[in-house]
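Listed below are the residues making up each chain.
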Amino acid sequence: MQTPHPHVARLTRRALALAAALCSLLPAAGAQAQYFPADPIDGPSADIRALGNVALARDGNGGLVYIRREAGSNHIFASFFFGGQFNGPVRIDPGLSGDSSQPVVGAGDMGRTVIVFINGGVLYGVVNPGDGSPVTPPAAIAGNSGAPVLNPALGVSTHGVGYLAFIAPGTGKSEDVHAARLSSDSTTWSVLPGALDFNPLDDAGVGTGRPAITALADGTGLVAFGENGSIFARRIGRTAASTVISRVSLTDLEGHNGGAADQPSVSGQNDASYGYVAFRQLFDDGGTARARTIARRLIGSDFEPPQQLDGLTFPVGEGAARPVLAEDGKGRGLAASSRDSSFIPFGSVLANDAFSPGEQLGALNNGGTFPYATAAVGENDTGFIAWQEDPGGGNLTVKVRDEHKGQFNPEFQISRPE
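What counts and how
Residues numbered from 1 in each chain as written. Predicted model: local features only at pLDDT ≥ 70, side-chain atom pairs only at ≥ 80, totals over all residues. Heavy atoms only, no water. Salt bridge = Lys/Arg side-chain N within 4 Å of Asp/Glu carboxyl O. Helix = DSSP H or I, 4+ residues; strand = E, 2+ residues; numbered from the N terminus. Buried < 20%, exposed > 50% of the residue type's maximum accessible area, 1.4 Å probe, protein only. Pairing = 2+ DSSP bridges. Axes fitted to C-alpha atoms, helices over the stretch in contact; angles between N-to-C directions. Phe/Tyr/Trp six-rings, centres within 6.5 Å; stacked < 30°, edge-to-face > 60°. Lys NZ or Arg CZ within 6 Å of the ring centre and 35° of its normal. Lys, Arg positive; Asp, Glu negative; His and termini not counted. Polar contact = N/O pair within 3.5 Å; in protein donor to acceptor, adjacent residues only side chain to side chain. Contact = heavy atoms within 4.5 Å.

**Side note on the pattern of salt bridges**
The tally for this structure, following the rule as stated, stands at 14 salt bridges. Notably, a salt bridge pairs Asp42 with Arg68, separated by 2.5 Å at the nearest N-O pair. Remark: Arg68 occurs in strand β4 (residues 62-70) and Asp42 occurs in the loop between β2 (31-35) and β3 (48-56); sequence separation between them is 26 residues. Across this residue pair, the class does not change: Asp42 and Arg68 are buried. In this structure, the salt-bridge partner of Glu389 is Lys399, at a minimum N-O distance of 3.2 Å. Placement of the pair is Glu389 in strand β32 (residues 382-389) and Lys399 in strand β33 (residues 397-404), with a sequence separation of 10 residues. You can call Glu389 buried: its relative accessible area is 2%. Here the residues in one salt-bridge network are Glu70, Arg91 and Asp93, joined through shared partners.

If you want it as structure tokens, here you go:
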């Protein structure tokens, strides 16, 4: 069972409204974007337990997933976005008893939307084909009650190809990273043979090293995960993973010895030869371990030198955490990260194969309720970074700063005060 934060039941209606607002960005060239009102999708209700994620394809279709308690158990619900609006909630796990958890959604063009989740230690998937057909019943992908799976990560390409990474028990006591593929004309997942780990005897993909994955435009995928204090990345083909496993985290940064790395994020563009992997890593800073957020560009099977996302320099007063990458088909994008104790959001713009120095986006921390910023981009030189703030008085706010051609516009509150 996924245990909600004590504030989640109270805040989830705001989180769902945030999701709706984030997905309804209306770019205006050269000016701050306009937003639809943040209309609730479900609730208010104490039975709403947690928000999963939001995904939109390039054609503007997609959806969001969340957990709602029904008949004494946690179940997965989705609201699909088409026709310019979020539609009524649909339960995704009918017929499954007990608690469902860890829902993730991905979207391709023409309304094709994919959702995965866990129930009873088994990883299930459903597909909304987008052609008017009903959502498929939950289909088991991997796992059983004696060997439960964990930490699903999902990527769906614009053409509807899906890649899924997840954690399952492996050799001895270890947890291993595995992958599965969904072809663009299918509703059935194929689990790829073997584990993706660098060393199958070590735990991989657990805790804050959970995998991140993206589906690339040529029908392949790119996955990154934590293992034994390092971040590794691996390309995935249609039937098997690449034999090349790259260690992406660093031995040092500007002469400061590197320590443990985690929190991977990945992105890709139309040309599948290229991609990015971002991560958090500790570095020795005069005898104190400080966290930095780093990105490295993948070309073929080689990674270029590191690019810093956090706007920090040594010596570091406060570290950085939770990098989130967002990239469009032409290789333009954004990276969001947050300071690791104040949670102040920072953003960096990706253009011409390089990230700009990290720029502070907001002045207030958010009380740690939803402590990290997130990012999304469109296909027209626009994107935005969103975060939550706590201005006091018990009324949290959600803000964004949208970006156009390398410049961030002033912050804008998108949550409704009421």
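**Side note on unusual backbone geometry**
Negative phi characterises most residues that are not glycine, and trans characterises most peptide bonds. Following Gly43, the chain continues into Pro44 via a peptide bond in cis, with omega recorded as 10°. Its location among the elements puts Pro44 in the loop between β2 and β3. Although it is not a glycine, Met110 adopts a positive phi angle of roughly 65°. Within the secondary structure layout, Met110 lies in the loop between β8 (100-107) and β9 (113-119).

**Topic: the pairing of β33**
Of all 8 residues that make up β33, 8 are buried, and the element is covered over most of its length. With burial as the criterion, each face of β33 is covered, one bearing Thr397, Lys399, Arg401 and Glu403 and the other bearing Val398, Val400, Asp402 and His404. Direction of pairing for β32 relative to β33: antiparallel, over a ladder of 8 bridges. Among the inter-strand pairings, Trp387 is bridged to a residue of β33, identified as Lys399. Sheet topology note: the β33/strand β35 (residues 412-413) ladder contains 2 bridges and is antiparallel. Bridge pairing in β35 links Lys399 to Gln413. When β33 meets strand β34 (residues 407-408), the two strands line up antiparallel, connected through 2 bridges. Bridging across to β34, Glu403 finds its partner in Phe408. Here β33 folds back onto β34, and the loop between the two strands holds 2 residues, one of which, Lys405, carries a positive phi near 55°.

**Points about the sheet that holds strand β14 (residues 175-182)**
Strand order in the open sheet formed by 4 strands is β12-β13-β14-β15, with antiparallel pairing between adjacent strands. Whereas interior strands pair on both sides, the edge strands pair on one side only; in this sheet they are β12 (150-156) and β15 (190-191). Relative to β15, β14 runs antiparallel, the two being bridged by 2 bridges. From the neighbouring strand, Ala180 faces β15, where its bridge partner is Val191.

**Considering the sheet that holds strand β16 (residues 212-215)**
With antiparallel pairing, the 4 strands of this open sheet are ordered in space as β16-β17-β18-β19. Two strands in the sheet have a free side with no partner beyond their single neighbour: β16 and β19 (241-247). Each strand axis lies, on average, 15° off the axis of its neighbour in the sheet, ignoring direction.

**Description of the packing of aromatic side chains**
Enumeration over the complete set of coordinates arrives at 8 aromatic pairs. A ring pair is formed by Phe117 and Tyr124, whose centres lie 5.7 Å apart and whose planes are at 20°; its orientation type is stacked. Seen in terms of ring centroids, Phe343 and Tyr372 are 5.9 Å apart; in terms of plane orientation they differ by 90°. Their pairing is edge-to-face. Note that Phe343 is positioned in the loop between β27 (333-339) and β28 (345-351) and Tyr372 in the loop between β30 (359-360) and β31 (374-377), a separation of 29 residues in sequence. The class of Phe343 is buried, set by a relative accessible area of 19%. By the ring-pair criterion, three or more aromatic residues cluster together here, those being Phe198, Phe225 and Phe232. A cation over an aromatic ring shows up here: Arg292 above the ring of Phe314, its NZ or CZ 4.9 Å from the ring centre. Just above the ring of Phe346 sits the side chain of Arg339; from NZ or CZ to the centre is 3.5 Å.

**Things to note about the side chain of Asp285**
The residue Asp285 is located in strand β22 (residues 274-285) in this model. Arg290 provides the closest opposite charge to the buried, salt-bridge-free Asp285, at an N-O distance of 4.4 Å. Among the polar contacts listed, one links the side chain of Asp285 to the backbone nitrogen of Val316, at a separation of 2.6 Å. Setting aside chain neighbours within four positions, we find Asp285 in contact with His256, Arg290, Phe314, Pro315 and Val316.

**Brief notes about the side chain of Ser174**
Structurally, Ser174 is set in the loop between β13 (162-169) and β14. Judged by its relative accessible area of 2%, Ser174 is buried. At 2.9 Å, the side chain of Ser174 and the backbone oxygen of Pro200 are in polar contact. Excluding anything up to four places from it in sequence, Ser174 contacts Pro169, Pro200, Leu201, Asp202 and Asp203.

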